[in-house]
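Per-entry structural report
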Amino acid sequence: LPPCVTPPEPGLWMWVLCTMFFMGALPSPAEMSQGHISVVLLGATGDLAKKYLWQGLFQLYMDQVSSGHSFTFHGAALTALEPGQKMMFDVLKKLACPPDEAPDRCAVLKDQFLKLSQYHQLKTAENYTVLNREIEVLLRQEGLKEAGRIFYFSVPPFAYTEIARHINSSCRPPPGAWLRVVLEKPFGHDLESAQQLAAELTSFFREEEMYRVDHYLGKQAVAHILPFRDQNQEFLDPIWNRHHVERVEIVLKEVVDAKGRTSFYEQYGVIRDVLQNHLTEALMFLTMELPGNLSRTEEVLQCKLQALRSLRGLEKHSAVLGQYQAYASHVQEELKKGQDYVSTTPTFAGVLVQSDSLRWEGVPFLLTSGKALDERVGYVRVLFKNRAYCTQSETLRDAGHSQCKAKQIIFYIGHGALNTPAVLVSRNLFRPVMPKSSWREVVGQPELHVFGQPLSDYYVYSPVKERDAYSVLISNIYHGRKDFFITTENLLASWAFWTPLLNSISQQPPRLYPGGVENQNLLDFEMVSGELAFTAAEPVELLHPDRSMPSDFKTIQSKFRQSPLVSMWSEDLISQLASDVEKAANRAVAGSGQFHLALSGGSSPVALFQRLARHHYAFPWRHTHIWLVDERCVPLTDPESNFFSLHSHLLQSIRVPYFNVHPMPVHLNQRLCVEEDGGTELYAKEIAALVANSSFDLVLLGLGTDGHTASLFPDSEDGLEGTQAVVLTESPIKPHQRMSFSLSLINKARQVFVLVVGKGKHDITTQISRVGRQPRKWPISGVSPSSGQLVWYVDYEALLG
Ligand code: BG6
């Protein structure tokens, strides 16, 4: 090395070639003709750069120094030249040599790397023009052809647009050379903001120029999911589906809390911070169909997009949320908020995700992440169903191969008991094919247990060279591997999936947890009929200081408008109502062999539907006919449709024969609720044909705040007078057009139950309790079965406010 240690200026690259020659690493002239790459790191003195990016760039340099490309590295920030330079070189001097690198070679390369790095202040448009000129001058002086430029944005997103504008207007490489801009999350806050940011960026860069980073795609275990599936197709093909997979857990648990980051965290929370991106990406690798060829980026991305789009929409109850107790004080301190500031930002979330694809329908995917938990660990665990019954006693079963042991495949992302990325496959599944050059089999540590089994029950593989996620990604940027990054389409599809849940929980108070090991079982959760719930009851004193009953409850009269009244807290009321519906059903089936049940739409009955779907195994569904009391004039597949809601909350979970389900014919001749199409007559005829005397066994009604019931509204004639059974009506609120049972049809029923819940219904409940029969003013007051029974189910909140 001696003659080359100090570089002669300005022939920088001559000097680098010289040192390489002495190291025996001099590439051939053909190799050197690959051209020059300028890497610009914006935010060069920031946290991410200090912790990972410079080290990743150094690794790139070490790996590619003989590739035939030459490099320069330009750190940039807003700080003025001298202090910025000092800060940046303080970081560069501390760059570490990886354990698998020969120390001598590494030391020389580090020296070169430092010489090839410069600091720039990039603040004004002028600064960018100067940077561009400097790159051009350097290339000219060294006689180098330009291969491309990488601009790594390690800056907050509010700075993106301006930087993008400057790069686009003054730092684009000449034709023939590529431009790659690398962007760090957050990429928006919800679908709308992501769309806006994407639109801004698209006005400066082409899609193929943008590399949106999700560093989990660079984690070795995550990056190996697709290759693993590809290389083990022979074993996986028969079992990688809903018939064999019991459930999948995708988990990132952290011990750290949000202290020091609350200004970011308070706006984002754990779902946006981790689930929307890192865990969703891992989920996609598991659920997407395997493309024919993994090296075809476009195919990979398309399959991923398709998987994302086949996820079933999330609802409020798809998630359980928590917040570590000290979070409030961290926010108050750091954001200068008063003691009374209440934050609903979750720092823990468990979300049940389901796919509607044929392969995965019905398989629960549990995505979980949180701060201030008991351990730091990340993994993707696929747990298979086990059908075997083993006759021999446990002690006689062979180690690991017994069909009675759990069958699982785990992509261990890192930390935790193993403290290394790993792929584990239960020995009773198959011995996986793993690329020997990059993964090696691990043996030993038989005493270590992971996921309930000793390590010896698994084939375990860990990477030959452990690589930090950022150096994997930086290498992929260099190689132009776009499948390791998030495209605009994928990003927006992911936000489209998460945004409705985020909106629905924005005001929901998360369960408080103390943090660390003290959390005990407070955050354990379970799946119940497609929803998630904490397994342990909520510590009442934390969130609901006073849930005791008002003292005057025992005095509530048991009649409402001269009919029987059932009143309780809403949850008890719903279970009482569900059991009364079941009783009515059994009575009807015992009498006539059939039960004709007509159900209303809207939000109140949803809880009843869910209750019936979950708890009523003895319900005579096979003999039940389900009718709609009213319907909105939208297609049945529209989430606004009453039938759609009935289907999601009840029908899809019970076994009613298809021919017993009678949606209202609002959609005929490819149009909605047109009188000439005769939908109302059609439904009335169907009722007359199947329901004796058109007298339903049970009609379930609700009550609107304006006194409407079914879709019969005040100040209207439709359905309130006359004998027509089914009518078209107009609602004052959207969707305006409706189809509805008339009062005359309702009043023929043997039983009518009216369900009224929630504080919002208190005023109308009071009003209705005092008035006589005035259906034009309050359609509900016209409900009065001619020979049947009417029962009111009104919860305490509606009754007492
Ligand atoms: C980041 C999140 O994207 O990922 C952090 O913003 C989180 O909140 C981190 O701690 C986890 O990454 P890793 O690599 O430490 O598992």
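Residues numbered from 1 in each chain as written. Predicted model: local features only at pLDDT ≥ 70, side-chain atom pairs only at ≥ 80, totals over all residues. Heavy atoms only, no water.

Concerning the overall build of the protein
Secondary structure assignment for the protein yields 24 helices and 33 strands. On the principal axes, the C-alpha backbone points of the protein span a range of 110 × 70 × 55 Å. Split into buried and exposed, the 801 residues of the protein put 54% on the buried side. Carbon and sulfur atoms make up 52% of the accessible area of the protein, which totals about 35800 Å². (Helix = DSSP H or I, 4+ residues; strand = E, 2+ residues; numbered from the N terminus. Buried < 20%, exposed > 50% of the residue type's maximum accessible area, 1.4 Å probe, protein only. Areas by Shrake-Rupley, 256 points an atom, 1.4 Å probe, with all protein chains shown as cover.)

Some words on the site of the ligand
All residues in the neighbourhood of the ligand are listed as K185, H215, Y216, K219, L252, E254, R261, D273, H278, K371 and R376. Interatomic distance of 2.5 Å between a side-chain N/O atom of D273 and an oxygen atom of the ligand. Notes on the ligand: free accessible area 400 Å², of which the protein chains cover 83%. (Near = heavy atom within 4 Å. Polar contact = N/O pair within 3.5 Å; in protein donor to acceptor, adjacent residues only side chain to side chain.)

A closer look at the packing of helix α6 (residues 125–142) against helix α7 (residues 160–170)
Two elements in contact, α6 and α7, have axes separated by 9 Å at closest approach and are oriented at 45 degrees. As far as their axial angle goes, α7 and α6 are oblique. As α6 runs across α7, the sense of the crossing is right-handed. Contacts from A125, Y128, T129 and N132 of α6 reach α7 at I163, H166, I167 and S170. Looking at the contact of α6 with α7, its residues break down into four nonpolar, four polar and no charged. (Axes fitted to C-alpha atoms, helices over the stretch in contact; angles between N-to-C directions. Parallel < 35°, antiparallel > 145°, perpendicular 65-115°, else oblique. Left-handed = near helix turned anticlockwise from the far one by under 90°. Contact = heavy atoms within 4.5 Å. Nonpolar A, V, L, I, M, F, W, Y, C, P; charged D, E, K, R; others polar.)

A look at the sheet that holds strand β6 (residues 210–212)
In spatial order, the strands read β3-β2-β1-β4-β5-β6; together these six strands make up an open sheet with parallel pairing. The two strands at the open ends of the sheet, each matched to only one other strand, are β3 (117–121) and β6. With direction set aside, neighbouring strand axes in the sheet form an average angle of 20 degrees. Bridging between strand β1 (residues 35–42) and strand β2 (residues 69–77) involves eight bridges; their strand directions are parallel. (Pairing = 2+ DSSP bridges.)

A look at the side chain of S343
Examined against the element boundaries, S343 turns out to sit in the loop between α14 (327–334) and β9 (348–353). A distance of 3.1 Å separates a polar atom in the side chain of S343 from the backbone nitrogen of T345. If we ignore the near neighbours within four places in the chain, the residues touching S343 are E266, Q323 and Y327.

Focus on the state of the cysteines
Evaluation of the coordinates by the stated rule reveals three disulfides. Disulfide pairing places C97 opposite C106 at an S-S distance of 1.9 Å. As the torsion about the S-S bond is roughly -90 degrees, the C97-C106 disulfide counts as left-handed. Judged by its relative accessible area of 0%, C106 falls in the buried class. (Disulfide = S-S within 2.5 Å.)

Side note on the nonpolar core
Among the nonpolar cores identified, the biggest contains 108 residues, and L42, F153 and W498 are the most heavily contacted of them. The residues touching W498, leaving out its near neighbours within four places in the chain, are I271, L275, Q276, T280, L314, V351, V353 and L367. Judged by nonpolar contacts, the second largest core, of 75 residues, contains A588, F619, C633 and I746. (Core = buried A, V, L, I, M, F, W, Y, C linked by side-chain atoms within 4.5 Å.)

A few points about the pattern of salt bridges
Tallied over the full model, the rule gives 29 salt bridges. Between K93 and D90 there is a salt bridge whose closest N-O contact spans 3.9 Å. Linking K93 with D90, this pair stays in helix α4 (residues 81–93), spanning three residues, or about one helical turn. D580 is the partner of K583 in a salt bridge, and the nearest nitrogen-oxygen pair spans 3.5 Å. A residue pair is termed a helical-turn pair when its members lie 3 or 4 positions apart in one helix, as K583 and D580 do in helix α18 (residues 570–592) at three residues. The network of salt bridges with shared partners includes R172, R206, E208 and E209. (Salt bridge = Lys/Arg side-chain N within 4 Å of Asp/Glu carboxyl O.)

Quick notes on the UniProt feature "domain: Glucose-6-phosphate dehydrogenase NAD-binding" (unreviewed entry) in the protein
Here, the residues flagged by UniProt with the feature "domain: Glucose-6-phosphate dehydrogenase NAD-binding" (unreviewed entry) are residues 40–222. Between the end C-alpha atoms of residues 40–222 there is a gap of 27 Å, over a span that is 48% helix and 19% strand. (UniProt positions renumbered as here; feature names shortened; annotations may be inferred.)

Things to note about the domain arrangement of the protein
The assigned domain composition of the protein is domain 1 (36–184), domain 2 (217–387 + 401–467 + 490–534) and domain 3 (559–800). Computed from C-alpha coordinates alone, the two centres of domain 1 and domain 3 are separated by 67 Å. (Domains from an automatic or database assignment.)

Examining the UniProt feature "domain: Glucosamine/galactosamine-6-phosphate isomerase" (unreviewed entry) in the protein
As recorded in UniProt, the feature "domain: Glucosamine/galactosamine-6-phosphate isomerase" (unreviewed entry) lies at residues 570–792. In residues 570–792, helix accounts for 30% and strand for 20%; the two terminal C-alpha atoms are 13 Å from one another.

As for the packing of helix α19 (residues 604–615) against helix α20 (residues 642–649)
The geometry of α19 relative to α20 is characterised by a closest axis approach of 8 Å and an angle of 35 degrees between their N-to-C directions. Handedness of the crossing formed by α19 with α20: right-handed. Between α19, through V606, F609, Q610 and A613, and α20, the contact on the second element is made entirely by S645, L646 and H649. Looking at the contact of α19 with α20, its residues break down into four nonpolar, three polar and no charged.

Looking at the sheet that holds strand β31 (residues 737–741)
Within the open sheet, the three strands sit side by side as β25-β31-β30. Their pairing is antiparallel. Taken across any chain shown, the strands that pair with only one partner, and hence form the sheet edges, are β25 (630–632) and β30 (726–730). Across this sheet, the average inter-strand angle for adjacent strands is 20 degrees, counted without regard to direction. Two strands pair when backbone bridges link them, and β25 and β31 are joined in this way by three bridges, in the antiparallel orientation. Counted as the bridge partner of R632 is R738 from β31.

Some remarks on α20
Turning to α20, its buried residues are N642, F643, S645, L646 and H649. End-on view of α20: buried residues confined to an arc of 160 degrees, all on one side of the axis. In this fold, the buried residues of α20 make contact with β23 (595–599), α19, β24 (624–628), β25 and β26 (661–662). (Arc of directions from axis to C-beta.)

Observations regarding a negative patch on the surface
A cluster of acidic residues, E675, E676, E681, D718 and E730, forms a negative patch on the protein surface. Looking at the element boundaries, E730 is found in strand β30. (Patch = residues over 30% accessible without salt bridge, like charges linked within 9 Å, V, L, I, M, F, W, Y side chains within 5 Å. Lys, Arg positive; Asp, Glu negative; His and termini not counted. Charge placed at Lys NZ, Arg CZ, Asp CG, Glu CD.)

Things to note about the side chain of R561
Note on placement: R561 falls in the loop between β21 (559–560) and β22 (563–566). Buried and without a salt bridge, R561 has E721 as its closest oppositely charged side chain, separated by 13 Å. Here I768 takes part through its backbone oxygen, which lies 2.9 Å from a polar atom of the side chain of R561. Looking at R561, its side chain comes within polar contact range of the main-chain oxygen of S781, at 3.4 Å.

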